[in-house]
Amino acid sequence: MLQAQALAKVLVDATRQIELAIPRVRKFKGISEYTVEVHRLENEGDRIVRGAIASLFEEGIDPMVVIRWKDIFELLEDAIDATERVAFILEGIVIKNA
């Protein structure tokens, strides 16, 4: 499924933003461009998941295949959501120490 590849790309991009933000946390500034991008990517991931799950039910495929793909999509979405939680934590650290 192309949607799984798109979600994997969003996950890679979001983790790359976290990777770029972490060294800047020591200075307690300059991470907002990275965390904003993580939030944008998380929203994009949500949009892709909604479309992916909807497409599973439109194609009339085997219910077991639908369940498997739905689980894969949700796991990828959970991983993307975790990057957003990390972004919130980094923002909190910066705010508390600014």
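Right above here is the structure, for reference.
Residues numbered from 1 in each chain as written. Predicted model: local features only at pLDDT ≥ 70, side-chain atom pairs only at ≥ 80, totals over all residues. Heavy atoms only, no water.

J.: Help me understand the overall build of the protein chain in this model?
T.: Assigned secondary structure in the protein chain consists of three helices and zero strands. N-terminal to C-terminal, the α/β element order of the protein chain is α-α-α. Counting over 98 residues, the protein chain shows a buried share of 37%. Across the protein chain, the fraction of contacts at a sequence separation of at least 24, relative to all contacts at a separation of at least 6, is 76%. Entry remark: accessible area of the protein chain is about 6,200 Å², with carbon and sulfur atoms responsible for 60%. Side chains of the protein chain give 13 positive and 17 negative charges; the mean places of these two sets differ by 10 Å. (Helix = DSSP H or I, 4+ residues; strand = E, 2+ residues; numbered from the N terminus. Buried < 20%, exposed > 50% of the residue type's maximum accessible area, 1.4 Å probe, protein only. Contact = heavy atoms within 4.5 Å. Areas by Shrake-Rupley, 256 points an atom, 1.4 Å probe, with all protein chains shown as cover. Lys, Arg positive; Asp, Glu negative; His and termini not counted. Charge placed at Lys NZ, Arg CZ, Asp CG, Glu CD.)

J.: Just to check I follow, could you spell out helix 3 (residues 63-97) for this structure?
T.: Spacing of three or four residues puts side chains on the same side of an α-helix, whose turn is 3.6 residues. Its 35 residues place the ends of helix 3 51 Å apart at the C-alpha level, agreeing with the 51 Å of an ideal helix rising 1.5 Å per residue. Residues of helix 3 that are buried make contact with helix 1 (2-25) and helix 2 (32-58). (Expected span 1.5 Å × (residues − 1).)

J.: Please explain the pattern of salt bridges as it appears in this structure.
T.: Once their charged atoms are close, side chains differing in charge can pair, the charge on each being opposite to the other. Inspection of the entire model under this criterion finds five salt bridges. Of the charged contacts in the structure, one is a salt bridge between Lys-70 and Glu-74, with a shortest N-O distance of 2.6 Å. Of the two residues, Lys-70 and Glu-74 are both situated in helix 3; the distance of four residues between them amounts to about one turn of the helix. For Lys-70, a relative accessible area of 27% translates into the label partly exposed. Residue classification places Glu-74 among the partly exposed residues on the basis of a relative accessible area of 28%. (Salt bridge = Lys/Arg side-chain N within 4 Å of Asp/Glu carboxyl O.)

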